Amino acid sequence: MNRFKASKFRHTEARLPRREAWISGIRAGSVPSCGSHVKASCRWIAFSAEAAGVLGIVPLECQDGGKRTISQLCCHSDVVTDFDFSPFDQLLLATGSADETVKVWRLPEGGQDIPSGAGLTLGPGGAPVDTLQFHPTADAVLASGAGKRVTVWDLGQQQPLTVLDSHGDQLQSLTWKRDGHLLGTSCKDKKLRIFDPRAGPAASQSVLGHDNNKDSRLLWMGSSDCLISVGFSQMREREVKLWDTRRLSGATLTMALDTSPGVTIPLYDADTGLLVLAGKGENLLYCFEVAPAQPALTQVTQCRTEGSTRGLGAVPRLALDVMACEVLRVLQLTDTALVPVSYVVPRKSVQEFHEDLFPDCTGMLPATDAQGWWAGDSQQVGRVSLHPARRPTETFTSPIIAGTVPTNAGHTDTDTGHTDTDTGHTDTDHSEASGYSSPSSLASPGSAATSLSASTGPSSGFASSPSQKSLQSILGPSSRFRHTQGRVLHRDLHLTNLRGLSLTTPGESDGFCANLQRVALPLLSAGGQIAVLELSKPGRLPDVAVPTIQNGVAVADLTWDPFDPRRLAVAGEDAKIRLWRIPEGGLQETLQEPEAVLRGHTEKIYSIRFHPTASDLLVSSSYDMTVRIWELSTGQEVLCLQGHTDQIFSMAWSPDGKKLATVSKDGRIRIYEPRRSSQPQQEGPGPEGGRGARLVWVCGGDYILVSGFDSRSERRILLYRAQALSEGPLSVLGLDVAPSTLLPFYDEDTSVVFLTGKGDTRVFLYEVTPEPPYFLECNSFTSNEPHKGFVFLPKTACEVRDVEFARALRLGQSSLEPVAFHVPRVKKEYFQDDLYPPTRVWWEPALGAGAWLDGQDGQQRRASLRPADMVPVSEAPKEAPARKFVPASVYLEEKTDEQKKEELLSAMVARLGNRDDPLPQDSFEGVDEDEWD
């Protein structure tokens, strides 16, 4: 395009499909990463699914008009950050993850069984993988960016060819030049760098890119010397810049887009010069034509979509509908659908192939292999015609993973080596056979559904669903609590007009505590005052001061004794623990003298917890790096646990009271058996960073759930097997980005964990299972304003007649509101015994402190929550199934047309009445003649 010649793409229009053409019924992921979250080959589409470590896989096209089958690829133990299809082998997919590994998968042909493991695994490399891209001319060459370095891999040898590590900060994107000579990167240090990987690991050129270090992307404009970058300016404006490597001292063109905060995802088609831009979380797609020679960016069109963009990917040119003048097709990933958007150049004749719109494009046969390219082979990939009659039919199969070769009799599987399903490691047979397969069409695989294969671990392969609309096609099993509804109870049950609340309690504390009878709230006033309010007396508190506990020093943590509802333990910043006894009926006057004071710690106390089964036992953690266990009947320290090297974030007793788990700032999780040793029995890696963490025992004490942060400050939860801490987490699930630590509450009767943080408005709910995918999402609860604390009440507070399985207290700015979580059920008149197993009698100790210290263990009895007047739903009478078909007798007794007419006439006559009946006016009485005068 130049100033004297009009562009042939100036009339290009974006055409949004009807909803019938959408790929719906999916749940897209929202994990922040440098990837585009959706990629396509001529056979398959891969996209980020909501579950951690899972990709959604769906055919690009359907044969015979059938519905697409959505499958899931459970590929990593942590979130998938980026992925890429091979430009030559349309079934080869590479994935990178925050678990620091890169895996390569061979997707199936149509009608074949789904593989159960990765073909090969690279790493771990010491840092989460951020971005991936295959080499454009050589087979089996892959570049991966992790942390501050780029690794160029030879997939055939499973060894790195070179490592480019001259970056000053975290890598944000990488891009190959189409001729395969150079590689460009963008980095958080605001610099763009150009590398010649075969010449050396140092950057040959570098330049300051965008003034803001927020996420930037870099694209090479085909085989030219020009690049495109998108990022943010110093004033936080989104901008596009053009660069020329022959004069890289500055951008040749800078264009500001807007001031939207969403990260821009760019797609560039080198054959047409069209650039598509979309912002994450937005519904606007820009399309520009790029002319690097002038340089110029000319807007061609823009379109507004129905859903917000989660990701954006381009369909290969060989898969375009050239006879409909489709010059570009992008796939927009939204929360619940994949929307194909076609860019079409209107032409009068759509029966002809337009050579000017569709020049020859890059073919799918590699010019060389990894070793040849590394040795200096710079051959280029041959170009092929897009004309339907001249389109090539041969396909390429990369030899790095043994695949399947089509035969006349159908498809047969080739032995890919032995796979160890426990570790996900595959011993692949690297044969020297030719990578070419017999000629086959580039059409997409058929829509036949594959069988559902159970996942055996984080590295297990696909699990397919026969229904596109089923959410299980992406999420796998669903929770019976997925429709949970949370609601704030009536205002008559609220405590309002709360004044002077202390909102500065340490992050290791829940902020306040409650039992069935009363709630304890730290106040902001001097002296560490604590308000104790009776839950049986809701309403507005008086404006005058209420009786309080005078703790004497600022409160660090506080908790109620589960076996004595009148005893409150308070940890102070003076390294002492004070025990307070509340009078019957609540506080009537200010308490100034504690029942007992526990002394032993030398630094400020973090948190305190009562023993779950033994009475008069309390554990505390402190800045002195020790965990101490106290016998309250004597007021003495009985055990002291060592082994921590940094701040202790959280601790939790196992359900049977035998073990104690801790998580600390040094990034370690420890499990103690206090009666056996003062040193940890087990240690394992915990969450990254030092921003805070919490842990809780789940699944009967066999697993430990930890909430924390990753290196990008994203909040996430991790699941560990308690007997194998050193093996690391079984599953990692990213939730969102927020500053507060997630506080977990686990309901042992339903296996549902509730997660929320101070200052949040949302409560996440997940059912935790001991089998993959480990976390089953349920409906979350959202409040209108941020809560200052969220504490759950014991199970016996639930109203089982309303199918309520959890109740919490939500602390607002000046009010305390009860929140009930219940499951919608039709037969609420019956006791839902499938949701209410016998619950532990938590208010009765199984043994005393002395017995526990002597080595004895006790088990609390269990009791049913069923009211005496309710019948279990399992014993409800079975209803007769409703008749689905009209019985044959109806048709046998069907009346003729004459009979119907006769009945209709009879009914009409009956409504008109008898003609001999007197009219209503005949019964009216008149007036005498003389009254007329």
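Worth saying up front: this structure is predicted, and the values here are computed from it rather than measured.

1. Quick look at the overall build of the chain
A tally of regular secondary structure across the chain gives 5 helices and 69 strands. When contacts within the chain are restricted to residue pairs at least 6 apart in sequence, long-range pairs at least 24 apart make up 55% of them. Element-wise, carbon and sulfur atoms account for 48% of the exposed surface of the chain, whose accessible area totals about 41,200 Å².

2. Considerations on the environment of Ala 337
Checked against the element boundaries, Ala 337 lands in strand β29 (residues 337-344). Residue Ala 337 is classed as buried on the basis of its relative accessible area of 1%. The sequence separation of Ala 337 and Gly 307 amounts to 30 residues, and the corresponding C-alpha distance is 8.5 Å. Among residues more than four places away in sequence, those in contact with Ala 337 are Trp 22, Ile 23, Ser 24, Ile 26 and Gln 332.

3. Some points on the pattern of salt bridges
Pairs can form between side chains of opposite charge once their charged atoms are near each other. Scanning all chains against the criterion turns up 60 salt bridges. Between Arg 581 and Asp 564 there is a salt bridge; the shortest N-O distance is 2.7 Å. One end of the pair, Arg 581, is in strand β46 (residues 576-581); the other, Asp 564, is in strand β45 (residues 564-572), with 17 residues separating them in the sequence. Taken together, the shared-partner salt bridges connect Lys 177, Asp 179, Asp 225, Asp 244, Arg 246 and Arg 247 into one network.

4. What about the state of the cysteines?
Per the stated rule, a full pass over the model turns up 0 disulfides. Not part of a disulfide, Cys 361 finds its nearest cysteine sulfur in Cys 42, a span of 8.8 Å. Judged by its relative accessible area of 2%, Cys 361 is buried.

5. Let's talk about the environment of Arg 329
Along the chain, the position of Arg 329 falls in strand β28 (residues 326-333). For the pair Arg 329 and Val 341, spaced 12 residues apart in the sequence, the C-alpha separation amounts to 5.6 Å. At 3.0 Å, the side chain of Arg 329 and the side chain of Glu 61 are in polar contact.

6. Digging into the packing of aromatic side chains
The full count for this structure, using the stated rule, is 19 aromatic pairs. Pairing Tyr 286 with Phe 288 gives two aromatic rings, centres 6.1 Å apart and planes at 25°, and the pair type is stacked. Here Tyr 286 matches Phe 288 in class, with each residue buried. Clustering of aromatic rings is evident, with ring pairs tying together Phe 481, Phe 745, Phe 754, Phe 781, Phe 790, Phe 792, Phe 805 and Phe 821. Against the face of Phe 232 rests Lys 214, its NZ or CZ located 4.7 Å from the ring centre. When the ring centre of Phe 709 is taken as origin, the NZ or CZ atom of Arg 691, which lies over that ring, is 4.5 Å away.

7. A look at the pairing of strand β60 (residues 743-747)
Burial runs high along β60: 4 of the 5 residues are buried. Across 5 bridges, β60 lies against strand β61 (residues 752-756) in antiparallel orientation. When the bridges of β61 are listed, Asp 747 appears paired with Val 752. Here β60 folds back onto β61 in antiparallel fashion, the turn holding 4 residues, of which Ser 751 has a positive phi close to 65°.

8. Section: unusual backbone geometry
Here the bond from Gln 294 into Pro 295 is cis, since omega is -15°, no more than 30 degrees from zero. Tracing the chain through its elements places Pro 295 in the loop between β25 (284-291) and β26 (296-304). Cis geometry is adopted by the peptide bond preceding Pro 773, which originates at Pro 772 and carries an omega value of 10°. Mapped onto the fold, Pro 773 is located in the loop between β62 (762-768) and β63 (775-777). One non-glycine residue, Ala 575, adopts positive backbone phi at about 70°. With respect to the secondary-structure elements, Ala 575 resides in the loop between β45 and β46.

9. Looking at the sheet that holds strand β23 (residues 264-269)
Read from one edge of the open sheet, 4 strands run β23-β24-β25-β26, paired in antiparallel fashion. Bordering the open sheet on either side are β23 and β26, each of which pairs with just one other strand. In this sheet, neighbouring strand axes are inclined to one another by 20° on average, regardless of whether the strands run parallel or antiparallel. Pairing geometry for β23 and strand β24 (residues 274-279), over 6 bridges, is antiparallel.

10. What to know about the nonpolar core
By size, the foremost hydrophobic cluster in this structure holds 47 residues, and its most contacted members are Ile 45, Val 327, Val 330, Leu 338 and Tyr 343. Only β3 (38-40), β4 (44-48), β23, β24, β25, β26, β28 and β29 provide two or more residues apiece to this core. The greatest single-element share of this core, amounting to 6 residues, is contributed by β29. Not counting residues within four places of it along the chain, the set of residues in contact with Leu 338 comprises Trp 22, Ile 23, Ile 26, Val 38, Ile 45, Phe 47, Val 58, Gln 332 and Leu 333. In this structure, Leu 705, Leu 733, Tyr 746 and Tyr 774 belong to the second largest nonpolar core, which totals 23 residues.

11. Remarks on the sheet that holds strand β50 (residues 627-631)
Spatial ordering of the open sheet is given by β48-β49-β50-β51, a layout of 4 strands whose pairing is antiparallel. Two strands in the sheet have a free side with no partner beyond their single neighbour: β48 (605-610) and β51 (636-641). Within this sheet the neighbouring strands show an average axis-to-axis angle of 25°, counted without direction. Note that β48 and strand β49 (residues 617-622) share 5 bridges and pair antiparallel. Looking across to β49, one finds that Ile 605 is bridged to Ser 622.

12. Some points on the confidence of the model for the chain
Confidence in the prediction of the chain, expressed as mean pLDDT, is 85, and 86% of residues score 70 or more. Within the model, the stretch residues 403-475 combines pLDDT values under 50 with 182 contacts to residues more than four positions away or in other chains.

13. Points about a nonpolar patch on the surface
Taken together, the side chains of Leu 904, Leu 905 and Met 908 make up a nonpolar region of the molecular surface, amounting to roughly 310 Å² of accessible area. Along the chain, the position of Leu 905 falls in helix α5 (residues 897-912).

14. Topic: the side chain of Ser 479
Topologically, Ser 479 is positioned in the loop between α2 (472-475) and β37 (485-488). Of note is the side chain of Ser 479, whose polar atom sits 3.0 Å from the backbone nitrogen of Phe 481. Separated by 2.4 Å, the side chains of Ser 479 and Glu 767 make a polar contact.

15. Quick notes on the environment of Met 870
Relative to the elements of secondary structure, Met 870 occurs in the loop between β69 (862-863) and α4 (888-892). Accessibility expressed as a relative area gives 3% for Met 870, which makes it buried. Taking the C-alpha atoms as reference points, Met 870 and Lys 828, 42 residues apart in sequence, are found 9.9 Å from one another. Apart from the residues within four sequence positions on either side, Met 870 is in contact with Arg 801, Lys 828, Glu 829, Tyr 830 and Phe 831.

Parameters and conventions
- Each residue is numbered by its place in its chain's sequence as written, counting from 1.
- Reporting of local features is limited, given that this is a predicted model, to residues whose pLDDT is at least 70; pairs of side-chain atoms are given and counted only at 80 or more, and all residues count toward the totals for whole chains, interfaces and linings.
- As a convention, hydrogens and water are excluded, and side-chain values are obtained from all of the structure's heavy atoms.
- What counts as a helix is a DSSP run of H or I of at least four residues, what counts as a strand is a run of E of at least two, and both are numbered from the N terminus.
- It only takes one pair of heavy atoms within 4.5 Å for two residues to be counted as in contact.
- Accessible surface area values rest on a Shrake-Rupley calculation with a 1.4 Å probe, where residue burial reflects the displayed protein chains alone.
- Burial classes follow relative accessibility: with a 1.4 Å probe on protein chains only, a residue under 20% of its type's maximum area counts as buried, one over 50% as exposed, and anything between as partly exposed.
- Salt bridges are defined as contacts in which a side-chain nitrogen from Lys or Arg sits within 4 Å of a carboxyl oxygen from Asp or Glu.
- Pairs of cysteine sulfur atoms within 2.5 Å are what we label disulfides.
- In protein, a polar contact means a hydrogen-donor-capable atom and an acceptor-capable atom, both N or O and within 3.5 Å, with residues adjacent in sequence counting only if both atoms are side-chain atoms; elsewhere, any N or O pair within 3.5 Å suffices.
- Only Phe, Tyr and Trp rings take part, Trp by its six-membered ring, and two of them pair if their centres are within 6.5 Å. Stacked means planes under 30 degrees apart, edge-to-face means over 60, and tilted covers everything else.
- Think of it as a cone above the ring: NZ of Lys or CZ of Arg counts as a charge over the ring if it is within 6 Å of the ring centre and within 35 degrees of the ring normal.
- When DSSP finds two or more bridges between two strands, those strands count as paired.
- Every axis corresponds to a line fitted to the C-alpha atoms, with the helix fit spanning only the stretch in contact, and the corresponding angles, defined between N-to-C directions, vary from 0 to 180 degrees.
- As used in this record, nonpolar core signifies buried Ala, Val, Leu, Ile, Met, Phe, Trp, Tyr and Cys residues forming a set joined through side-chain atoms within 4.5 Å.
- pLDDT: the predictor's confidence for each residue, scored from 0 to 100.
- Each patch is assembled from residues with relative accessible area greater than 30% and no salt bridge, linking like charges that lie within 9 Å and nonpolar side chains (Val, Leu, Ile, Met, Phe, Trp, Tyr) that lie within 5 Å.

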